[in-house]
Amino acid sequence: MKINLLRRLGDGFRIDGHFVSHNTQSFPASSSVMKFGFISGMRLLIPIILMVGVIVSAKGDETAAWSPRKTPLMTRWAVEVNPTNAHPEYPRPQLTRSNWLSLNGLWQYAILPESSYRPTNFQGQILVPFPIESALSGVMQGLKETNSLWYLRRVIIPAAWRGKRVRLHFGAVDWQARVMVNGKGVGQHRGGYDHFSFDITDQLRWDGEEEIVVEVTDPTEGDQPRGKQSRKPEGIFYTPTSGIWQTVWLEPVPEVCIDGLKTTPDVEAKSLRLHVAANSLSENLCVEAVVLADGKEVVRGIGLANAELVIALPAPRLWSPEDPFLYDLQITLKAGDKVLDSVASYFGMRKIALRKDGQGITRIALNDQFIFLVGTLDQGFWPDGIYTAPTDEALRSDIEFLKSSGFNFTRKHVKVEPDRWYYWCDKLGLIVWQDIPSSNNATTEGRRNFESELLRMVGDLESHPSIAIWGLFNEGWGQYDTERLTQWLKTMDPSRLVDNASGWTDMRVGDFIDIHSYPGPDSPSPEARRAAVLGEFGGLGLPVAGHSWSTRCWGYLMLADQKELGARYTRAFKQVWALHNVRGLSAAVYTQTADVETECNGLLTYDRAVNKIDPAVLLAANRGVFSGSPMKVILADAMLGRTKWKYTFEKPKNDWFKADFDTAAWKEGLGGFGTDGTPGSYPNTTWETSDIWLRCEFSLGNDDLSGLKLRVFHDEDATIYLNGVLAAKLKSFITDYEEFEISPEAAATLQPGKNSIAVHCHQTSGGQGIDVGILIPQPNQSPTTGK
């Protein structure tokens with residue numbers, strides 16, 4: 001039978017009688033089914049499937065001796081892992097059927113030179129879906145670039161599946177996989193982060209055990225998307241993942257069936273745009289979709305398969321971090337009155353866009369309400385499973401930690417997670433900034449690999465309401481054709497925002513201007529069409545004895561203990577909220593959720609056992625609630641505003657600091673002053689000489705001046721005068737803005753009306769900068785809040 005199939009809805013690829021997938025070989029329709037990009041899911045039916053689904057198991061030697069390998073650190077969930085319960089949850093929560101069969105568990109494995117024939121003798125057993133380098137795989141052995149990793153599993157297909165088409169699904173395999181069933185090739189796939197599947201019906205014998213063999217090659221250091229993986233892990237690069245690292249499973253489907261779903265919320269039109277892809281283009285196929293809220297029918301719609309169906313939703317309940325409401329969706333595929341297939345799914349109604357506030361500043365808006373995105377850099381590594389979390393509970397735990405700590409989003413950093421991670425973000429209400437896994441992109445083939453995996457990643461994930469941002473490039477890694485790829489990504493998915501480059505090499509396209517600042521924070525200036533985001537900052541380091549991967553730990557700024565870490569974190573986030581309120585910062589990404597190997601700058605230890613900052617301190621800082629009296633700005637520094645100063649690099653007369661000194665011959669510039677790249681500084685005017693002299697005037701009302709403070713960044717020595725009287729002498733340099741007392745003599749000169757401030761800063765070597773502000777406490781107001 002010939003079946004016409006769509007690789008992607010609307011703009012996909014189809015060749016009669018064959019499936020065609022980027023970086024996936026073509027095979028006759030009777031023998032293979034490639035993955036389809038648009039998958040959506042369900043919410044309420046997942047527990048039902050876990051309890052009453054197909055109660056059979058793939059045949060394997062599950063009683064054989066197995067134990068995890070010893071590694072420097074293990075999570076508390078590792079003790080729960082065994083060959084009979086390795087990630088038993090339904091793996092595709094956005095498109096569910098009741099019948100399925102998990103192939104997770106013990107497989108046989110062998111490592112051989114690449115291009116070898118199928119091994120006759122396998123070397124041992126490996127616990128799938130944990131990568132072979134991980135402790136939980138039971139192997140913990142790395143691959144060489146010239147190796148092939150072979151897997152073997154025997155399974156008995158349930159007799160009740162006869163007459164159905166049987167599909168073999170892989171959540172993800174890193175990197176190139178070739179699959180055989182009963183000695184016959186069914187297909188191969190390139191790409192370490194996306195789902196793929198094959199129709200294996202015609203290779204089945206139905207007379208006992210069926211044999212599944214998978215051969216994997218993974219160069220890792222080759223020109224392929226790999227994120228932070230390295231064969232020589234150190235610094236910001238970590239232990240690689242090779243082979244199967246997400247759930248493997250079997251599924252029976254009808255001859256004509258639903259292959260994929262795409263759900264797109266349209267908040268303005270109060271409707272859901274639904275696209276149901278069937279594996280046949282027959283014109284008499286129709287779709288019936290029922291939308292439910294809390295188990296009760298809201299509305300239903302009827303339309304054609306392989307076409308968009310618009311379902312109106314009266315008074316839609318919108319999805320947000322505060323109210324992550326999900327509608328359930330039941331979909332039936334029919335030919336006339338005959339039911340061919342049915343699946344369950346879910347969706348959320350939300351809108352993400354840019355808007356201008358009352359001051360004309362471009363900011364991020366969720367559901368047409370301004371939102372400040374405060375989150376972490378989340379790398380998704382685990383000490384015992386590397387790319388694969390030990391359990392589903394562990395996946396959920398990270399998200400629950402972020403939510404309880406007051407974060408409303410996370411940046412998934414150059415890695416794609418299993419579907420269930422995004423399901424928990426959808427359900428618990430955590431907005432996701434999703435990076436594209438980075439690659440060298442140094443060759444034509446490498447760029448083809450990158451673009452192919454980008455296309456498939458968007459297809460796999462685009463129905464998740466939690467995902468609001470696509471991140472194209474990180475810090476210039478493999479960056480090329482930025483303008484073209486940004487536009488391609490925006491056209492592919494116009495419902496989300498796109499960051500063209502996080503840090504370093506901004507090409508002035510996309511929705512954000514993004515900088516990285518360690519330890520920071522800092523903020524770029526918002527633009528007319530782009531919001532300002534701080535893509536990475538922080539990295540405050542603290543190793544915890546007994547919970548560190550190595551004795552060689554590092555962070556961008558090492559702290560002595562948890563109290564000091566908490567204080568520094570609070571100070572940093574006080575500045576972050578000031579940047580949001582005054583300078584228009586729309587998102588801030590703190591590095592990072594948890595330690596990773598030698599990198600000890602996580603809020604959690606690598607084993608997720610220790611929260612390094614008191615939860616109450618963390619929650620208050622992230623929500624912008626700070627103890628003590630809020631401060632009124634008398635003279636704005638560069639972080640809090642844009643103050644014009646008079647300045648000179650030439651040594652002035654000796655009375656330059658006196659209140660009545662004439663600065664007519666001096667230049668004028670915006671504070672602060674210094675060089676780009678000086679840690680902690682916000683230079684608006686370049687200063688590169690050894691000395692700078694500054695003066696400006698400020699006004700005072702009838703304020704209570706008790707508690708008046710200077711807020712200063714200085715690199716290096718600084719001398720400050722108020723109304724011609726010495727107010728402070730500051731030695732050496734600092735890497736952050738700090739508050740300083742004003743001398744009683746200088747404070748006594750302050751009066752209502754005009755006052756003067758004069759500053760001299762001397763520099764010897766390295767970075768340089770000077771910036772000064774004046775603050776006064778407001779004891780009668782409530783604490784500063786970011787709400």
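Residues numbered from 1 in each chain as written. Predicted model: local features only at pLDDT ≥ 70, side-chain atom pairs only at ≥ 80, totals over all residues. Heavy atoms only, no water.

J.: Give a detailed account of the overall build of the protein chain, specifying residues and quantitative values.
T.: Each helix and strand counted, the protein chain has 8 helices and 46 strands in total. Compactness check: the protein chain gives a C-alpha radius of gyration of 29 Å against a globular reference of 28 Å for 787 residues, within 12% of the reference. In the protein chain, the share of contacts with a sequence separation of at least 24, taken over all contacts with a separation of at least 6, comes to 70%. When the accessible area of the protein chain is evaluated, it comes to approximately 29600 Å², of which 51% is carbon and sulfur surface. (Helix = DSSP H or I, 4+ residues; strand = E, 2+ residues; numbered from the N terminus. Rg over C-alpha atoms; globule rule 2.2 N^0.38 Å. Contact = heavy atoms within 4.5 Å. Areas by Shrake-Rupley, 256 points an atom, 1.4 Å probe, with all protein chains shown as cover.)

J.: Pulling in residues and values, what's your account of the sheet that holds strand β20 (residues 327–335)?
T.: By way of backbone hydrogen bonds, the strands of a sheet pair with one another, either parallel or antiparallel. The strand order β18-β17-β20-β21 describes an open sheet built from 4 strands, whose pairing is antiparallel. Across the chains shown, the open sheet's two edge strands, defined by having one partner strand only, are β18 (296–304) and β21 (338–347). For this sheet, the mean inter-axis angle between neighbouring strands, taken without regard to orientation, is 20°. (Pairing = 2+ DSSP bridges. Axes fitted to C-alpha atoms, helices over the stretch in contact; angles between N-to-C directions.)

J.: Go over the side chain of N500, please, and point to the residues and values.
T.: Among the structural elements, N500 can be located in strand β29 (residues 497–502). A polar contact of 3.2 Å, which involves the side chain of N500, links it to the backbone nitrogen of M507. Not counting residues within four places of it along the chain, the set of residues in contact with N500 comprises L472, F473, Q479, T482, T486, T505, D506, M507, V509, F512 and R530. (Polar contact = N/O pair within 3.5 Å; in protein donor to acceptor, adjacent residues only side chain to side chain.)

J.: I'd like a description of the layout of surface pockets, backed by residues and values.
T.: Of the volumes computed, that of the second largest pocket is approximately 580 Å³. If you go around the second largest pocket, you meet 30 residues; those closest to its centre are D522, S523, P524, R583 and Y682. For the lining of the second largest pocket, the secondary-structure elements that each account for two or more residues are β30 (512–517) and α6 (562–583). With 4 residues, the top contributor of residues to the lining of the second largest pocket is β30. (1 Å grid on protein atoms, 1.4 Å probe; cavity = no way out; pocket = protein on both sides within 12 Å on 5 of 7 lines; lining within 4 Å. Points joined across faces, edges and corners; volume = space filled by probe spheres on them.)

J.: Go over the pattern of salt bridges with me, naming the residues and quoting the values.
T.: Tallying each qualifying case throughout the model produces 42 salt bridges. Among the ionic pairs, K351 bridges to E268, the shortest N-O distance being 2.5 Å. Pair noted here: K351 is in the loop between β21 and β22 (352–356) and E268 is in the loop between β15 (258–266) and β16 (271–278), with a separation of 83 residues, a long-range link. A salt bridge links D368 to K351, with the shortest nitrogen-to-oxygen separation between them at 3.0 Å. Of the two residues, D368 sits in the loop between β23 (362–366) and β24 (369–370) while K351 sits in the loop between β21 and β22, which places them 17 residues apart along the sequence. Here the salt bridges share partners, and the residues they tie into one network are R92, R97, E251 and D341. (Salt bridge = Lys/Arg side-chain N within 4 Å of Asp/Glu carboxyl O.)

J.: I'd like to hear about the packing of aromatic side chains, residue by residue, with values.
T.: Each pair of aromatic rings is reported with the distance of its centres and the angle of its planes. A complete count under the given rule lists 40 aromatic pairs for this structure. Judged by centre distance (5.6 Å) and plane angle (65°), the ring pair of W549 and Y606 falls under edge-to-face. Taken as a pair, W549 in the loop between β32 (540–541) and β33 (557–558) and Y606 in the loop between β34 (585–591) and α7 (615–622) lie far apart in primary sequence, 57 residues in all. Following the ring pairs from residue to residue traces out a cluster consisting of Y193, Y238, W245, F381 and Y387. Looking at R355, its charged tip hangs above the ring of F370, at a distance of 5.2 Å from the centre. Cation over ring: R608 sits above W382, and NZ or CZ is 3.7 Å from the ring centre. (Phe/Tyr/Trp six-rings, centres within 6.5 Å; stacked < 30°, edge-to-face > 60°. Lys NZ or Arg CZ within 6 Å of the ring centre and 35° of its normal.)

J.: Describe the side chain of D398, naming the residues involved and giving the relevant values.
T.: Locating D398 in the fold gives a position in helix α2 (residues 392–404). Residues within four places of D398 in sequence aside, it is in contact with W382, L604 and R608.

J.: Tell me about the packing of α6 against α7, and please be specific about residues and values.
T.: Orientation of α6 relative to α7, taken along the N-to-C sense of each, is 15°, at an axis distance of 9 Å. Classified by the angle their axes make, α6 and α7 are roughly parallel. Once α6 is placed against α7, the crossing between them reads as left-handed. Taken together, the residues of α7 that come into contact with α6 (itself represented by G566, Y569, T570, F573 and W577) are V617, L618, A621 and N622. (Parallel < 35°, antiparallel > 145°, perpendicular 65-115°, else oblique. Left-handed = near helix turned anticlockwise from the far one by under 90°.)

J.: Run through the nonpolar core, naming residues and quoting values.
T.: Among the nonpolar cores identified, the biggest contains 129 residues, and Y569, F573, L710, I757 and I770 are the most heavily contacted of them. Considering each element in turn, this core owes the most residues, 8 residues, to α6. When residues no more than four places from it in sequence are discounted, the contact partners of Y569 are F407, L540, Y590, L603, I613, L618, A621 and N622. L101, L103, L143 and L168 belong to the second largest nonpolar core, which has 33 residues in total. (Core = buried A, V, L, I, M, F, W, Y, C linked by side-chain atoms within 4.5 Å. Buried < 20%, exposed > 50% of the residue type's maximum accessible area, 1.4 Å probe, protein only.)

J.: An account of helix α3 (residues 419–428) is needed here, citing residue identities and associated values.
T.: Counting buried positions over the 10 residues of α3 gives 9, a clear majority of the element. The complete set of buried residues in α3 reads D419, R420, W421, Y422, Y423, W424, C425, D426 and L428. G429 sits one or two residues past α3 and shows a positive phi near 90°.

J.: How would you summarise unusual backbone geometry if you had to cite specific residues and measurements?
T.: Residues G520 and P521 are joined by a peptide bond in cis, for which omega reads 10°. With respect to the helices and strands, P521 occurs in the loop between β30 and β31 (531–538). With an omega of 20°, the peptide bond running from D715 to E716 counts as cis. Along the chain, E716 turns up in the loop between β41 (709–715) and β42 (718–722). Residue N306 is not a glycine yet carries a positive backbone phi of 60°. Along the chain, N306 falls in the loop between β18 and β19 (308–312). Despite not being glycine, N441 shows a phi value in the positive range, around 55°.

J.: Outline the state of the cysteines, listing residues and values.
T.: Summed over all chains, the structure comprises 0 disulfides. No disulfide involves C257; its sulfur sits 15 Å from the nearest other cysteine sulfur, which is in C286. A disulfide-free cysteine, C761 has its sulfur positioned 15 Å from the sulfur of C696, the nearest such atom. We classify C761 as buried; its relative accessible area is 0%. (Disulfide = S-S within 2.5 Å.)

J.: Explain the pairing of strand β27 (residues 431–435) to me, and be specific about the residues and the numbers.
T.: The side chains of a regular strand alternate between both faces of the sheet. Most of β27 sits out of view: 5 of its 5 residues are buried. Sheet analysis places strand β26 (residues 409–412) next to β27, joined by 4 bridges and oriented parallel. Bridge pairing in β27 links T410 to V432. In this fold, β26 hands off to α3, which returns the chain to β27; that crossover is right-handed. (Right-handed = clockwise from strand over helix to strand, strands pointing away.)

J.: Help me get a handle on the packing of α2 against α3, residues and values and all.
T.: Interaxial distance between α2 and α3 falls to 10 Å at its minimum, and their mutual angle equals 35°. Remark: the crossing between α2 and α3 carries right-handed chirality. Here D392, L395, R396, I399, E400 and K403 of α2 lie close against α3, whose contacting residues are R420, W421, W424, C425 and L428.

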